[in-house]
Amino acid sequence: MLRQDYVLLFALALAGTAGAETLRVQVQSGQVRGTPSFLGGVVATVGYGQAVEVVSEQGPWRQVRTLDGRAGWMHESALSAKRVKMQAGGTAKTGATSDELALAGKGFNKDVEAQFKAAHAEADFTWVDKMASMKAAEAEVERFVKEGGLALPGGAQ
Amino acid sequence: MRRVLMLASGLWLCAVALIPTGCSTVAQVGTMAGQAAGVITAEQAESINRTAAAVEKTYQDITPEQEYYIGRSVAATVLGSYKPYDAPALNRYLNELGQTLALYSDRPETFGGYHFLALETEEVNAFAAPGGLILVSRGLLRCCRSEDELAAVLAHEVGHVQNGHGLRAIKKGRLTSALTILAVEAGKNVAGADLAEVVQAFEGSVTDITSTLVNSGYSRAYENEADAAAVRILARAGYDPRALLELLGAMKPILAADARGFAKTHPSPETRIQHVGGLLGPSRAVPAPAARQRRFDAATACLR
């Protein structure tokens, strides 16, 4: 290989590193899908605050690579450019660990909710939890869309 | 040396983060530089950060996780005064329709996702708690004559969530006191007086939002935004956006006879019809497949 080729390779590698954007998952369970569509099948999930590297874009979809090397598509609304506050033990390379996510969530969290609940006996968290479990699976959404003659979701908007 | 390097890389991260989101304040970057240079102590830096942060907090500083917890308590509070309507087939249908609609919104994904539940009351009402917990009254559901009209109701509520209207109802001072502690103390265990202050701010935030949803209502501007979002969602999904107009027309006599709920918290149907009419393009008949009306009739049979 010629010397220029090495230089070129190095420059390309450098450009690739500089151009890659790192975003953080801002939902409880970040869904990585096989295609840029809500009906694209979930191939991996990434937790809140975890970093993903953006490889390319298509409309509201980001093609991402997770830190453990899995690849797929995430919707932009699940991602944030905000930095998660780094805690002792966490590094920029590995992202925050699960402990650190709990720390990042200090403030309005489970403990605060528990205190609120204790002070407000009339508030109905039982039904809030029931609501939270009501979730149409991807196959059900697909059936609902097709049966109702609706447009396929998650394409170019 | 290692510490200097870490500080330097921290500075770089902050500078990068500042460009798109403004997540760190100029003061924070400045105090980090000041500490690195040994000009100010860590305590002084914290004090400066706290003061600077206190000025800058807005609803946009609420993280999606915090929004989720606020929303849960808002929904729990509303459910404390409005009984849920325990009709499994109807609630399953509301979630299928609502969660599908959310996919066509500008914010399909929230921390905990969108979830829908019917309320037993006959008053015409709906509540969207931050993060996507959406409650719809029997009275409002009974106004709907088709899936397209029901989709208009749910899409309007998704519009409130997507635009963060609930969070924007939190009084400024309250956010500042809580988020300032969180911004500065995020790396530590919040305890004692600080924890009490956070809990107090949390309760206050929940009260601000709940009383806006139940009593005072949003501004006309927010309702217009939610109606505009609904029109976009309906069109993207393949529903007829005119269904929103038809529904508002059907609500008119009902709201005239019942001063509770929407009659109290929303602009009049006439005002909304005028606004929505201006958003719609030329009439375009969208024939709904028979299966759409059939499943609507089946799921809402319990209301009639």
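Everything below is about the structure printed above this text.
Caption draft 1: Just the interface of chain A and chain B, in detail. Across the boundary between the two partners, chain A contributes 53 residues, which contact 74 residues of chain B. Of the roughly 5600 Å² buried between chain A and chain B on both sides combined, carbon and sulfur atoms contribute 63%. Of all residues in chain A, F108(A), M131(A) and F144(A) bury the most surface against chain B, accounting for 16% of the area lost on that side. Between the two partners, chain A and chain B, sit four salt bridges. The shortest N-O distance in the salt bridge between R295(B) and E147(A) comes to 3.0 Å. The interface formed by chain A and chain B contains 17 residue pairs in polar contact (both at pLDDT 80 or more). Only α3 (110–119), α4 (125–132) and α5 (138–147) of chain A provide two or more residues apiece to the side of chain A that touches chain B.

Caption draft 2: View of the sheet that holds strand β2 (residues 126–129) of chain B. Residues and elements named next belong to chain B. Pairing in this open sheet of three strands is mixed, and the strands run β1-β3-β2 from one edge to the other. Taken across any chain shown, the strands that pair with only one partner, and hence form the sheet edges, are β1 (115–119) and β2. Between one strand axis and the next, the sheet turns through 15° on average, direction left out of account. When β2 meets strand β3 (residues 133–137), the two strands line up antiparallel, connected through four bridges. Each bridged residue has a counterpart across the sheet, and for A129 the counterpart in β3 is L133.

Caption draft 3: Looking closely at the packing of aromatic side chains. Evaluation of the coordinates by the stated rule reveals 10 aromatic pairs over all chains. On the numbers, 5.1 Å between centres and 70° between planes, the contact of F108(A) with F202(B) is edge-to-face. Placement of F108(A) in the loop between α2 (98–104) and α3 and of F202(B) in helix α10 (residues 192–216) is noted, with the two residues assigned to different chains. Both residues of the pair, F108(A) and F202(B), count as buried. With a centroid separation of 5.7 Å and 85° between ring planes, the pair formed by F116(A) and F202(B) is classed as edge-to-face. Here the residue F116(A) occupies a position in helix α3, and F202(B) occupies one in helix α10, the pair thus bridging two chains. Comparing F116(A) with F202(B), the two get one shared label, buried. One aromatic cluster is present, built from ring pairs that chain together Y48(A), Y68(B), Y69(B) and F111(B). If you follow K130(A) out to its NZ or CZ, it ends over the ring of W127(A), 4.2 Å from the centre. Directly above the ring of Y85(B) sits R138(B), whose terminal nitrogen or CZ lies 4.8 Å from the centroid.

Caption draft 4: Here's a closer look at the nonpolar core. Counting residues in hydrophobic clusters, the biggest one holds 57 residues, and the most contacted among them are L97(B), L150(B), L154(B), Y239(B) and M251(B). For this core, the element with the most residues is helix α7 (residues 147–162) of chain B, which contributes eight residues. The residues touching L154(B), leaving out its near neighbours within four places in the chain, are L94(B), L97(B), G98(B), L101(B), F116(B) and V136(B). One finds F116(A), Y68(B), V198(B) and V214(B) within the second-largest nonpolar core, a separate group that totals 43 residues.

Caption draft 5: Just the packing of helix α12 (residues 242–257) of chain B against helix α14 (residues 269–279) of chain B, in detail. All names here are of chain B. At a closest axis distance of 9 Å, the pairing of α12 and α14 adopts a crossing angle of 170°. The orientation of α12 with respect to α14, classified from their angle, is roughly antiparallel. Residues L244, L245, L248, G249, M251, K252 and L255 of α12 form the contact with α14, whose own contacting residues are P269, E270, R272, I273, V276 and G277. For the contact of α12 with α14, a count of residues per class yields eight nonpolar, two polar and three charged.

Caption draft 6: Quick look at the pairing of strand β1 (residues 21–25) of chain A. All names here are of chain A. Of the pairings in the sheet, the one linking β1 to strand β4 (residues 51–58) comprises four bridges and is antiparallel in character. Bridging from a neighbouring strand, E21 pairs with V54 of β4. As paired elements, β1 and strand β7 (residues 79–80) share two bridges and run antiparallel to each other. Each bridged residue has a counterpart across the sheet, and for V25 the counterpart in β7 is L79.

Caption draft 7: Expanded view of the pattern of salt bridges. Using the criterion set out here, one finds 26 salt bridges over all chains in the structure. The residue D258(B) makes a salt bridge to R260(B) at a minimum N-O spacing of 3.0 Å. For D258(B), a relative accessible area of 16% puts it in the buried group. Overall, the relative accessible area of 41% leaves R260(B) in the partly exposed class. The structure contains a network of salt bridges with shared partners spanning R143(A), E147(A), E96(B), E147(B) and R295(B).

Caption draft 8: Expanded view of α3(A). Those residues of α3(A) not exposed but buried are V112(A), E113(A) and F116(A). Summarising the axial view, the buried residues of α3(A) lie within an arc of 100°, below the 170-degree limit, and thus occupy one face. Seen from the open side of α3(A), the exposed residues pointing more than 90 degrees away from its buried face are K110(A) and A118(A). Those residues of α3(A) hidden inside the fold are in contact with α4 of chain A together with α4 (64–81) and α10 of chain B. One side-chain oxygen of the residue at the start of α3(A) lies 3.2 Å from the amide nitrogen of D111(A), identifying that residue as N109(A).

Caption draft 9: Here's a closer look at the environment of D106(B). Relative to the assigned elements, D106(B) resides in the loop between α5 (88–102) and β1. According to the relative accessible area criterion, D106(B) is partly exposed, its value standing at 39%. For the pair formed by D106(B) and A128(B), sequence separation is 22 residues and the distance between their alpha carbons is 16 Å. Apart from residues no more than four positions distant in its own chain, D106(B) is found in contact with S77(A), Q162(B), R232(B) and R236(B).

Rules of the game
Residues numbered from 1 in each chain as written. Chains lettered and ligands numbered in written order. Predicted model: local features only at pLDDT ≥ 70, side-chain atom pairs only at ≥ 80, totals over all residues. Heavy atoms only, no water. Contact = heavy atoms within 4.5 Å. Buried area = accessible area lost by both parts, 1.4 Å probe. Salt bridge = Lys/Arg side-chain N within 4 Å of Asp/Glu carboxyl O. Polar contact = N/O pair within 3.5 Å; in protein donor to acceptor, adjacent residues only side chain to side chain. Helix = DSSP H or I, 4+ residues; strand = E, 2+ residues; numbered from the N terminus. Pairing = 2+ DSSP bridges. Axes fitted to C-alpha atoms, helices over the stretch in contact; angles between N-to-C directions. Phe/Tyr/Trp six-rings, centres within 6.5 Å; stacked < 30°, edge-to-face > 60°. Buried < 20%, exposed > 50% of the residue type's maximum accessible area, 1.4 Å probe, protein only. Lys NZ or Arg CZ within 6 Å of the ring centre and 35° of its normal. Core = buried A, V, L, I, M, F, W, Y, C linked by side-chain atoms within 4.5 Å. Parallel < 35°, antiparallel > 145°, perpendicular 65-115°, else oblique. Nonpolar A, V, L, I, M, F, W, Y, C, P; charged D, E, K, R; others polar. Arc of directions from axis to C-beta.

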